[in-house]
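Breakdown of the fold
Below are the chains, spelled out letter by letter.
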Amino acid sequence: MTAGAAAAQGSAAALRVLHVAAEVFPLVKTGGLADVVAALPPAQAQEGADVRLLLPGLPAVLDGLQALQPVCEVGNCFGALRVRLLRGRMPDSGLPVYVVDAPYLYRRGGNPYLRADGSEWPDNLQRFALLGWAGAHLAAADADPQWSADVLHAHDWHAAMACAYQAERPAPPAGTVFTVHNLAYQGLFAMEDWQTLGLPARRMSSEGLEFHGQLSFMKAGLKYADLVTTVSPSYAAEIATPEFGCGLDGVIRARGAAVHGILNGIDTTIWDPAADAALPARYTASRLQGKKACRRALQAELGLEADERALLLTVVSRLTGQKGMDLLLAAMPALLAQGVQFAIQGTGDAALEAALRAAQQAYPGRVHAYVGYDEARAHRLIAGADAILVPSRFEPCGLTQMYGLRYGTLPIVRGVGGLRDTVFDLDEAMRPGDRGAGSGTGFVFHEATPQALAQAVQRAAALKGDAPRWRRAMQAAMARDHGWRAPAREYLQRYRALVEGAGAAQG
Ligand code: ADP
Ligand code: GLC
């Protein structure tokens, strides 16, 4: 009997889930993926599942995990002479974590995917094929004789090959789930390297990994996972269209009902204005004085004018084309003329970094731009600002607007993807499904133009002038529940349906 069938039969047995990912907060983080991978597995464990994580042995992972112990020697594979599997625990949650220790492939500091000059590591095919391969072996109890998985859950292209290796097994021992966090990053490699993957040639056709003459790891996940999820319902619908499908919309449409959007949550312990140690003062929806203190302290810290009436707008973001920073830069002069203040923090595209530095120089006291990555500072910005701007051209989910909601910092967002699913306009008529009057929590604009962005910011600035309404909006935003419990349960329900389906098919 397979592990899946066993789990389906013994309803009392905890569902065993292996998440495979390349990053996890606080050890390695390039974006929201790390936050999700840190919070979803423990939330599932809270619901009674036996959840474990598999990570590549990057230096920060090896240094940050507790009680690391060897599990098995894998030997020589994917060009690495010595590959071992280790096991340890996450520092805070205590979640069990397996690590693929392959010094030749993974012991490199900095960004997990890129070299210091911003180019991709030339052996990323080997590095992330190994991660997926190890995931498939671990799920099948080949690596740890003490444990196997009912469900193998791979995140983004970095882990997607787990689905292809699993599909290659005669009777796949675990159901596979692939979550698309961002379809724009696909893991594309030269077709001539296909033999390195150790998969049969038929998997390299357009029915498999081939994508416009290259190998696509993203496509391995989309094609071979039993279930494909993405991080918001709106993005699930969008990626089935040519506009957002990054050339893979046909593949996604062909998966039909196997594609689902499950809205991300946020870690409400790490992001909690009532207990946030990074803040100069703490606050709740009913005791908002602390937020005023955070705002004053932020203006002082950043050298912004101590202007009580200005709309203080923050942005905390990767600086890439996705995030719409060009729209913000174009709208900035008009907004400054109306008294808006900006506190921006981000890293990424060199031209955007330079443009933000130039804006700070041009408008001292009104624009502060920190080009850098700093978690504690992100908390102070989000707590101290009046509003948080997320003007994305596309956004699979987006977490910072939800951090804004939780901190009573009203989001101003473009109505795409997860932004559309989490922010409800204060001025628009209620959308079907909105819960009752007063459910607006922010400002939504639709056109990807500086004018539309500026109008939304102006609406926010106008509402700030109406203190009682602004306060009610803050309270409505803070009352929204974006914790992980509901999404964790939804994933578990889907896992169970997979495992039970597999059990029924075999029984
Ligand atoms: P994405 O994953 O596309 O970058 P998300 O909104 O899902 O977007 O997640 C971004 C995460 O990265 C958030 O936790 C945000 O606070 C964090 N972040 C982005 N840029 C910075 C920065 N410069 N400093 C600190 N945190 C940042
Ligand atoms: C990706 C997306 C972002 C999402 C995050 C976590 O990085 O760009 O929208 O919130 O993954 O799922």
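Because the structure is predicted, anything quoted here is derived from the model rather than measured. (Residues numbered from 1 in each chain as written. Chains lettered and ligands numbered in written order. Predicted model: local features only at pLDDT ≥ 70, side-chain atom pairs only at ≥ 80, totals over all residues. Heavy atoms only, no water.)

**Structural notes on the pairing of strand S14 (residues 341–348)**
Counting buried positions over the 8 residues of S14 gives 6, a clear majority of the element. Summarising the sheet, strand S13 (residues 312–319) and S14 pair through 8 bridges and their orientation is parallel. Paired with Thr314 across the two strands is Ala343, which belongs to S14. For the crossover that starts at S13, traverses helix H11 (residues 325–337) and ends in the parallel S14, the hand is right-handed. Read from S14 through helix H12 (residues 350–362) to strand S15 (residues 367–371), the crossover connection turns out right-handed. (Buried < 20%, exposed > 50% of the residue type's maximum accessible area, 1.4 Å probe, protein only. Helix = DSSP H or I, 4+ residues; strand = E, 2+ residues; numbered from the N terminus. Pairing = 2+ DSSP bridges. Right-handed = clockwise from strand over helix to strand, strands pointing away.)

**Quick notes on the site of ligand 2**
Near ligand 2 you find 14 residues, and of these His181, Asn264, Glu395, Cys397 and Gly398 are the closest. The separation between an oxygen atom of ligand 2 and a polar side-chain atom of His181 is 2.7 Å. Taking Asn182, its side chain carries an N or O atom lying 3.3 Å from an oxygen atom of ligand 2. When ligand 2 is considered free in solution it has 310 Å² of accessible area, and contact with the protein chains removes 93% of it. Ranked by residues supplied to the shell around ligand 2, first place goes to helix H2 (residues 32–46) with 3 residues. (Near = heavy atom within 4 Å. Polar contact = N/O pair within 3.5 Å; in protein donor to acceptor, adjacent residues only side chain to side chain. Areas by Shrake-Rupley, 256 points an atom, 1.4 Å probe, with all protein chains shown as cover.)

**A short note on the site of ligand 1**
Within the structure, ligand 1 sits among 20 residues, and Lys29, Gly32, Asp35, Arg318 and Lys323 are positioned closest to it. A distance of 3.5 Å separates a nitrogen atom of ligand 1 from a polar side-chain atom of Tyr373. Interatomic distance of 3.2 Å between a backbone N/O atom of Asp374 and a nitrogen atom of ligand 1. Here ligand 1, which alone exposes 560 Å², has 93% of that area covered by the protein. Of all the elements in the fold, those that place two or more residues in the shell around ligand 1 are H2, S13, S14 and helix H14 (400–406). Sorting elements by how many residues they give to the shell around ligand 1 places S13 first, with 3 residues. Partitioned by chemical class, the residues of the shell around ligand 1 number 5 nonpolar, 9 polar and 6 charged. Each of domain 1 (15–54 + 126–265 + 485–506) and domain 2 (289–479) contributes no fewer than three residues to the shell around ligand 1. (Nonpolar A, V, L, I, M, F, W, Y, C, P; charged D, E, K, R; others polar. Domains from an automatic or database assignment.)

**Focus: the nonpolar core**
Generally speaking, nonpolar side chains in soluble globular proteins are found buried as a group. One finds Leu54, Leu197 and Leu222 to be the most contacted residues of the largest nonpolar core, which totals 108 residues. A per-element tally of this core places helix H5 (residues 124–139) first, with 9 residues. Both domains that furnish three or more residues to this core are identified here as domain 1 (15–54 + 126–265 + 485–506) and domain 2 (289–479). Contacts of Leu197, omitting those with residues within four sequence positions, involve Phe78, Leu125, Ala129, Met161, Tyr165, Met204, Leu209, Leu215 and Phe217. (Core = buried A, V, L, I, M, F, W, Y, C linked by side-chain atoms within 4.5 Å. Contact = heavy atoms within 4.5 Å.)

**Notes on the confidence of the model for the protein**
Per-residue confidence for the protein gives a mean pLDDT of 94; residues scoring 70 or more make up 95%. Predicted confidence is poor over residues 1–11, with pLDDT under 50, and the contacts of this stretch with residues over four places away or in other chains come to 18 contacts. (pLDDT = per-residue confidence, 0-100.)

**Some remarks on the packing of aromatic side chains**
Applying the stated criterion to the full structure yields 14 aromatic pairs. Considering the side-chain rings of Phe443 and Trp470, the 6.4 Å spacing of their centres and the 20 degrees angle between planes classify their relative orientation as stacked. In this pair, Phe443 sits in strand S18 (residues 443–445) while Trp470 sits in helix H17 (residues 467–479), placing the two residues 27 residues apart along the sequence. The same class applies to Phe443 as to Trp470, namely buried. Within the aromatic cluster, the residues linked to one another by ring pairs are Tyr113, Phe128, Trp157, Phe189 and Phe217. Positioned above the aromatic ring of Trp121, the side-chain terminus of Arg108 is 4.5 Å from the ring centre. When the ring centre of Tyr224 is taken as origin, the NZ or CZ atom of Arg203, which lies over that ring, is 4.8 Å away. (Phe/Tyr/Trp six-rings, centres within 6.5 Å; stacked < 30°, edge-to-face > 60°. Lys NZ or Arg CZ within 6 Å of the ring centre and 35° of its normal.)

**Let's talk about H5**
Taking 1.5 Å as the rise per residue, H5 with 16 residues should run 22 Å; its terminal C-alpha atoms sit 23 Å apart, in good agreement. With respect to burial, H5 is a largely interior element, 13 of its 16 residues being buried. (Expected span 1.5 Å × (residues − 1).)

**Details of the sheet that holds S15**
Strand pairing in a sheet relies on backbone hydrogen bonds. The paired strands run either parallel or antiparallel. With respect to topology, 6 strands assemble into an open sheet ordered S15-S14-S13-S16-S17-S18, the strand pairing being parallel. Every interior strand has two partners, whereas the edge strands, S15 and S18, have only one. Averaged over neighbouring strand pairs, the angle between their axes works out to 15 degrees when direction is ignored. The sheet contact formed by strand S17 (residues 410–414) and S18 spans 3 bridges and is parallel. Across the sheet, the residue bridging to Val413 is Val444, located in S18. Contacting S13, S14, S15 and strand S16 (387–390), helix H13 (residues 375–384) runs over the sheet at an angle of about 145 degrees to S13. (Axes fitted to C-alpha atoms, helices over the stretch in contact; angles between N-to-C directions.)

**Digging into the pairing of strand S5 (residues 96–101)**
Of all 6 residues in S5, 6 are buried; the element is thus mostly enclosed. Of the two faces of S5, the one carrying Pro96, Tyr98 and Val100 and the one carrying Val97, Val99 and Asp101 are both buried. Inspection of the sheet shows strand S2 (residues 50–56) paired to S5 by 4 bridges, in the parallel sense. Across the sheet, the residue bridging to Pro56 is Val100, located in S5. For strand S4 (residues 80–89) and S5, the ladder comprises 6 bridges, and the chain directions are antiparallel. Along S5, the bridge assignment pairs Arg84 with Asp101. Taken together, S4 and the strand that follows it, S5, pair antiparallel across an intervening segment of 6 residues, in which Gly94 is found at a positive phi of about 75 degrees.

**Topic: the packing of helix H6 (residues 156–167) against helix H7 (residues 217–224)**
The interhelical angle for the contact between H6 and H7, taken along N-to-C directions, is 50 degrees, at an axis separation of 7 Å. It follows from the interaxial angle that H6 and H7 lie oblique. In this structure, H6 crosses over H7, and the sense of that crossing is left-handed. Where H6 approaches H7, its residues Trp157, Ala160, Met161, Cys163, Ala164 and Ala167 are matched on the opposing element by Phe217, Met218, Ala220, Gly221 and Tyr224. Here the contact of H6 with H7 is composed, by residue class, of 10 nonpolar, 1 polar and no charged. (Parallel < 35°, antiparallel > 145°, perpendicular 65-115°, else oblique. Left-handed = near helix turned anticlockwise from the far one by under 90°.)

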